[in-house]
Amino acid sequence: MGSDARDARKRHGRHYTPPALAQFLARRLLAHMPKPGLPGTLRVLDPACGDGELLLSLHREIAARLPGVAVELIGFDLDETALAVARGRAGAAHVEVEWHMGDFLSESEWLADNSFDAIITNPPYVRTQQLGTVAARSLAERFGLRGRIDLTHPFVAVAPRLLRPGGVLGLLCANRFITTRAGANIRAVLCTELAPVELYDLGDTKLFEAAVLPAITIATRTETRADCRFVSAYEVPESEADSVHGLFEALTRDTGGSVAHNGRTFAVEVGTLWADERAAPARGADSTWRMSRPGIDAWLAGIADRTWRSFGEVARIRVGIKTTADRVFISDRWHEIEPPPEPELLFDLITHHDLAPWRIVRARDTRVLYPYDTGVSRRTPVDLSEFPGAAAYLRSHEQTLTARRYVVDSGRNWFEIWVPQRPHLWRVPKLVFPDISERPRFALDRSGAVVNGDCYWISLDDLGSGDHLAYLLMGVANSALGLRFYDAVCGNRLYAGRRRWITQYVSRLPLPDPGSASAVEIVGLVGEFVHGRPIDEEGQAILDDLVAAAFGVASGRGPDPDHGQQRATGEFAPGLGVA
């Protein structure tokens, strides 16, 4: 595929469904589809059909598993080239499909309410920034959406109106809706207007051509609520799988385990959607989803009983600076600039490369040109006439900087950075941790450095209790318990075991009572780490035990509490029994 075609696909959110993934989605949807009498007809819609893979896959499954049942297929798409491919494929397979070229979201009004037995879809993923503010606001108003949306949201929002009672939605989309605030619209539709029955977080399986971590959701239009089966698959470092089954077969079995796929090994975990979220799905944007399993639920309940506060209740968590012109503002070669910017405007910059647990380990002499008065609490740009070196340098890049229209249009100076944060707080000690990391790397910085946008930070000035609470935060975050809590409650893993340590997740981490004996011991040990004690396995094990003792639970260093506890009773096959 040429670069132009790839760019167009990315711009319009077009990433067509691979055949194996389409077949799996079709089978899971068919397992819950209402069974008509014979002779009967099933009416199916794909509102973003692309090359027709999903509709054709579902047709094949119905023909094979429900002989005698007729199928009426309807497909929409904006891409004339893709529809031509779809028509050709359907014709070659002698499958009748009613194809429509156009914007489904604009033209869906003529579709009759409650008219489809099933909707199967991989809707386009286009973010708000690409949609544009006006288009995003218009879609939000039309479909009753809130907050930041992407194009997936309205496609999901319209589904309940088009499905018959008992009808089924088979949705393939990015898995981020499960665990992020931005996914609140999708979760609300699935839990208030539909009933999710199966959820597959396919993680870093790379089943999709696009750089996306996909999820499959099967939801029915019914008022009856039952357990939603929740399965996840993520790569693990073990080289040998304990299952001879293929990945898709492993996803439908009652027992978890590990399975080999395309030369990699994946851990398949099986549980249900957390019951509290099914019972109260509209609690708000923070009501993200997680997998429920007896051992993990009991472990989390034990932690909750001994939690004094969450991180978010005691700390303001800020993202680092965002210049939107890093090549101008950030460098490790300022000494090569003639004349250089004044030293008082050049600040050491902490990036994710510099972070280890407990300590900052600078990888290189990276500094940022930070044109703000750090002596005041409000964002106050410096007077460039007082800094001729910096002024000359910035003016040499004026064309690049003024091209950032959003800076100027917001009433700011052309030479400012986009997100400077609170300038006076850089001088205050702070906790810093990377946005993306396999394991937690919370470190203490006393150097006065600025934090880059690939990291987050907590100012000790906000904590108001000296080092004690800061050390306790680091101790919990860098422990095995902190990592396991993250995986159980937040669960936003990326490729190769990397995790997102963003505000909405870190704010949920628990803190024990700072005055407890265990907490005092944690603070003392963390102080030793910060001040130079070697960071070895023995020290980490002591920390893990202390944190676990503070919450009265197992440390999290051992195996998953539910490992090996799931029933191995064969393949999961609800509904029609056609799985």
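Small disclaimer: the values here were computed from a predicted structure and weren't measured. (Residues numbered from 1 in each chain as written. Predicted model: local features only at pLDDT ≥ 70, side-chain atom pairs only at ≥ 80, totals over all residues. Heavy atoms only, no water.)

Novice: Explain the environment of Leu425 here, please?
Specialist: Among the secondary structure elements, Leu425 is positioned in the loop between helix H17 (405-409) and strand E17 (430-434). For Leu425, a relative accessible area of 2% translates into the label buried. In sequence terms Leu425 and Asp461 are 36 residues apart; their C-alpha atoms lie 7.6 Å from each other. Dropping the residues within four chain positions of it, Leu425 is found in contact with Arg318, Trp457, Ser459 and Asp461. (Helix = DSSP H or I, 4+ residues; strand = E, 2+ residues; numbered from the N terminus. Buried < 20%, exposed > 50% of the residue type's maximum accessible area, 1.4 Å probe, protein only. Contact = heavy atoms within 4.5 Å.)

Novice: I would appreciate a short explanation of the side chain of Glu61 in the present structure.
Specialist: Here Glu61 is to be found in helix H3 (residues 53-65). Residues in contact with Glu61, not counting those within four places in the same chain, are Gln23, Ala26, Arg27, Leu30 and Leu66.

Novice: So what exactly am I meant to see when it comes to the packing of aromatic side chains here?
Specialist: Think of a pair of aromatic rings as described by two things: how far the centres are apart, and how the planes are tilted against each other in angle. Applying the stated criterion to the full structure yields 18 aromatic pairs. With a centroid separation of 5.1 Å and an interplanar angle of 55 degrees, the aromatic rings of Tyr370 and Tyr372 are classed as tilted. Each residue in the set Phe433, Phe442, Tyr456, Tyr486, Trp501 and Tyr505 is aromatic and connected to the rest through ring pairs, giving one cluster. In this structure, Arg290 packs its charged tip against the face of Trp274, placed 4.5 Å from the ring centre. (Phe/Tyr/Trp six-rings, centres within 6.5 Å; stacked < 30°, edge-to-face > 60°. Lys NZ or Arg CZ within 6 Å of the ring centre and 35° of its normal.)

Novice: Explain helix H15 (residues 388-395) here, please?
Specialist: Within an α-helix, residues lying three or four positions from one another point in the same direction, as the helix has 3.6 residues per turn. Buried within H15 we find Gly389, Ala390, Ala391, Tyr393 and Leu394. The inward-facing, buried residues of H15 contact helix H14 (326-329), strand E16 (367-369) and helix H16 (398-402).

Novice: Would you take a moment to explain the pattern of salt bridges for this structure?
Specialist: Side chains that carry opposite charge are capable of pairing whenever their charged atoms lie near each other. The final tally for this structure, using the stated rule, is 23 salt bridges. Arg412 is paired through a salt bridge with Glu416; the nearest N and O atoms lie 3.1 Å apart. Take Arg412: its relative accessible area is 11%, and that puts it in the buried class. Put simply, Asp487 and Arg499 hold a salt bridge, and the shortest N to O gap is 2.8 Å. You can see Asp487 sitting in helix H20 (residues 480-490) and its partner Arg499 sitting in strand E22 (residues 499-500), a full 12 residues away along the chain. Via salt bridges that share partners, Asp51, Glu53, Arg60 and Arg89 belong to a single interconnected network. (Salt bridge = Lys/Arg side-chain N within 4 Å of Asp/Glu carboxyl O.)

Novice: In this structure, what is going on with helix H22 (residues 517-530)? I would like to understand it.
Specialist: For H22, built from 14 residues, the straight-helix expectation of 20 Å at 1.5 Å per residue is met to within 8% by its first-to-last C-alpha distance of 20 Å. Residues of H22 that are buried include every one of Ser518, Ala519, Ile522, Val523, Leu525, Val526, Gly527, Phe529 and Val530, and no others. The secondary structure elements touched by the buried residues of H22 are strand E19 (443-445), helix H19 (466-477) and helix H23 (537-551). Phi turns positive one or two residues past the end of H22, at Gly532, with a value near 115 degrees. (Expected span 1.5 Å × (residues − 1).)

Novice: I would appreciate a short explanation of the pairing of strand E8 (residues 229-235) in the present structure.
Specialist: Side-chain direction in a regular strand flips from residue to residue, so the side chains alternate between the two faces of the sheet. Counting buried positions along E8 gives six out of seven residues, so the element sits mostly inside the fold. Two strands pair when backbone bridges link them, and strand E6 (residues 195-201) and E8 are joined in this way by four bridges, in the parallel orientation. Residue pairing in the sheet places Glu198 in a bridge with Arg229 of E8. As paired elements, E8 and strand E10 (residues 264-273) share seven bridges and run antiparallel to each other. Pairing of Ser232 across the sheet is with Glu269, part of E10. (Pairing = 2+ DSSP bridges.)

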